[in-house]
Amino acid sequence: MVQRSAVNTDAASSGAAQASDQAERASVQAEQIPDQVSPRDVREAWEKALRRNKVVRWFVRWLPHRVTILIRTVLRFEHSVISRVRYRWHRSLQLRVIATTLVISTVMIAVLGFFLTEQIADGLLLSAENAARSQALAGLNSARSLSGLTSSQPSNATAETFMWNAAEALQPTVSSNTNYYVVVGLNSRVANVYSRWVSDSVAPDASLPSGLIASVEAEQAQQQHQGKAENLLYYAPTTLMFTDGGPGQPAIAIGAPLGNWYQLYFIFPTDQEQATLQLLQTTLVGVGIALIILLAAIASLVTRWVVLPVRHAARAAQRVSAGHLEERMAVGGADDLGALATSFN
């Protein structure tokens, strides 16, 4: 006997439609997922490249086994971090915009801060030099009016007395706003001297540059030959050293001939200018870091306004391509992104 089986045509067609819908979704998802290489395959690739290197194999041969394992672990961790950062860099538009903004702003702020610091440092140094020249010229005129300054070569006792008197007379007063040190010396041509330098607490041999002393002696010989004193000052940057062995200080040394046999030097410390410059540099660094953080926050906010609607549009397009034709985008305004959402809907 032949038996007939009842077949529901509507159920069969519905099942076939669902199967085709699932197959279409699977194919769309397979197309949307990019081909990725597993970290294990990448790791094996670079490890094989290292092992094929003759120099690396010769070097590893002489290393202990534990050291080799440690180096391999560090290299694997490094490649893992680099691959993750590279994957995140290529996948995130927001990350690329923020990183680019940070790099450009950091370079620009560093360059501007460098030139600004150089200009301020030059201005502080020029101001200190002008004040030091004015004070040294006034001290030179005062020293020329002291008694005991003669054109003939002085004796030991006379030279020592005059130098001490001049050093004491030219010391800065309590009401003076300028801090400096006075050094009085004899020309190197004077023989049988008791002491060439006279100073209260300064070590002249360590504080006065040899080039400055040579320039002052040459100017003194020229003035002695001409028989006329001039108000020419010579200066040079130096490090102020003390007789008690204390730490040195940056300073400006100014020298000039005093008559035919004596030399007068003023040493002006520039520690206040250095402190001001250091404070300025610290302030610029703090402001620069705050400005970089602010620019990064602004870049993150702006890119988020742009990236999020584009990301929502991409997700909606994926759902529509998967068969969800009822998917719609939220229209958030009348701008370009709102026009995109309206066109998509």
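Residue numbers restart at each chain and count upward from 1, following the sequence in its written direction. Note on the predicted model: pLDDT of at least 70 is required for a residue's local features to be given, and 80 or more for side-chain atom pairs to be given and counted; whole-chain, interface and lining totals, by contrast, use all residues. The basis for every side-chain value is the complete set of heavy atoms in the structure, and neither hydrogens nor water enter the calculation.

Trainee: When you look at the environment of Gly 185 in this model, what are you seeing that I'm missing?
Mentor: Strands are runs of DSSP state E lasting at least two residues, helices are runs of H or I lasting at least four, and both sets are numbered from the N terminus onward. Mapped onto the elements of the fold, Gly 185 is located in strand β1 (residues 181-186). A relative accessible area of 0% places Gly 185 in the buried class. Considered as a pair, Gly 185 and Leu 264 are 79 residues apart in the sequence and their alpha carbons are 6.5 Å apart. Should any heavy atoms of two residues lie within 4.5 Å, those residues are considered in contact. Excluding residues that lie within four positions of it along the chain, Gly 185 makes contacts with Met 163, Arg 196, Trp 197, Trp 261, Tyr 262 and Gln 263. Classification of residues uses two cut-offs on accessible area relative to the type maximum, computed with a 1.4 Å probe and protein chains only: under 20% is buried, over 50% is exposed, and between them is partly exposed.

Trainee: Quick question: what am I supposed to make of the side chain of Thr 117 here?
Mentor: Here Thr 117 lies in helix α5 (residues 93-144). If sequence neighbours within four positions are ignored, Thr 117 has contacts with Leu 277, Gln 281 and Leu 284.

Trainee: Help me understand the sheet that holds strand β2 (residues 197-199), please; the structure alone is not making it clear to me.
Mentor: Taken together, five strands build an open sheet; the order of strands is β2-β1-β5-β4-β3 and the sheet is antiparallel. Of all strands in the sheet, those with a lone pairing partner are β2 and β3 (234-240), marking the two edges. Put simply, the sheet's adjacent strands are angled 25° from each other on average, direction ignored. For two strands to pair, DSSP has to find at least two bridges joining them. One ladder, built from seven bridges, connects β3 with strand β4 (residues 249-258); its direction is antiparallel. When the bridges of β4 are listed, Pro 237 appears paired with Ile 252. Sitting on the sheet, helix α6 (residues 156-169) touches β1, β2, β4 and β5 (262-269), and the angle it makes with β1 is about 165°. To get an axis, fit a line to the C-alpha atoms, keeping to the stretch in contact for a helix; angles then go from 0 to 180 degrees between the N-to-C directions. Sheet strands in contact with helix α8 (residues 210-226) are β2, β3, β4 and β5, and its direction is about 15° off that of β4.

Trainee: What's the story with the pattern of salt bridges in this structure? I'm lost.
Mentor: Where side chains of opposite charge bring their charged atoms close, a pairing between them can arise. Any carboxyl oxygen of Asp or Glu within 4 Å of a side-chain nitrogen of Lys or Arg constitutes a salt bridge here. A full pass over the atoms with the stated rule returns one salt bridge. Here Arg 196 ties to Glu 217 by a salt bridge, and the two come within 2.6 Å at their closest N and O atoms. With a gap of 21 residues between them, Arg 196 in the loop between β1 and β2 and Glu 217 in helix α8 connect regions that are remote in the sequence. Judged by relative accessible area, Arg 196 falls into the partly exposed class, the value being 25%.

Trainee: I'm lost on a nonpolar patch on the surface in this one. Help?
Mentor: Each patch groups residues whose relative accessible area exceeds 30% and which form no salt bridge, using 9 Å between like charges and 5 Å between nonpolar side chains of Val, Leu, Ile, Met, Phe, Trp and Tyr. With residues, only the protein chains shown are counted as cover, and all accessible areas are computed by Shrake-Rupley using a 1.4 Å probe. On the surface, a cluster of nonpolar side chains totalling about 720 Å² of accessible area is made up of Leu 291, Leu 294, Ile 298, Leu 301, Val 302, Trp 305, Val 306 and Val 310. Judged by relative accessible area, Val 306 falls into the partly exposed class, the value being 43%.

Trainee: For this particular structure, what's the right way to read the packing of aromatic side chains?
Mentor: Ring pairs (aromatic) are described by centroid distance and by the angle formed between their planes. Between the rings of Phe, Tyr and Trp (Trp by its six-membered ring), a pair exists once the centres lie within 6.5 Å; its type follows the angle of the planes, with under 30 degrees stacked, over 60 edge-to-face, and the other angles tilted. Applying the stated criterion across every chain yields a total of eight aromatic pairs. Centre to centre, the rings of Trp 58 and Trp 62 are 6.5 Å apart; their planes meet at 65°, and the pair counts as edge-to-face. Under the relative-accessibility criterion, Trp 62 is labelled exposed at 65%. Through pairs of rings, three or more aromatic residues link up here, namely Tyr 180, Phe 266 and Phe 268.

Trainee: I'm lost on the environment of Arg 189 in this one. Help?
Mentor: Mapped onto the secondary structure, Arg 189 falls in the loop between β1 and β2. For the pair formed by Arg 189 and Trp 261, sequence separation is 72 residues and the distance between their alpha carbons is 8.5 Å. If we skip the residues at most four places from it in the chain, Arg 189 touches Gln 224 and Asn 260.

Trainee: Looking at this structure, how should I read a positive patch on the surface?
Mentor: On the surface, Arg 88, Arg 304, Arg 311 and Arg 315 cluster together into a patch of positive charge. It is helix α9 (residues 271-321) that contributes the most residues to the positive patch, three residues altogether. In this tally, Lys and Arg are treated as positive and Asp and Glu as negative; His is ignored, and so are the chain termini. To locate a charge, take NZ of a lysine, CZ of an arginine, CG of an aspartate or CD of a glutamate.

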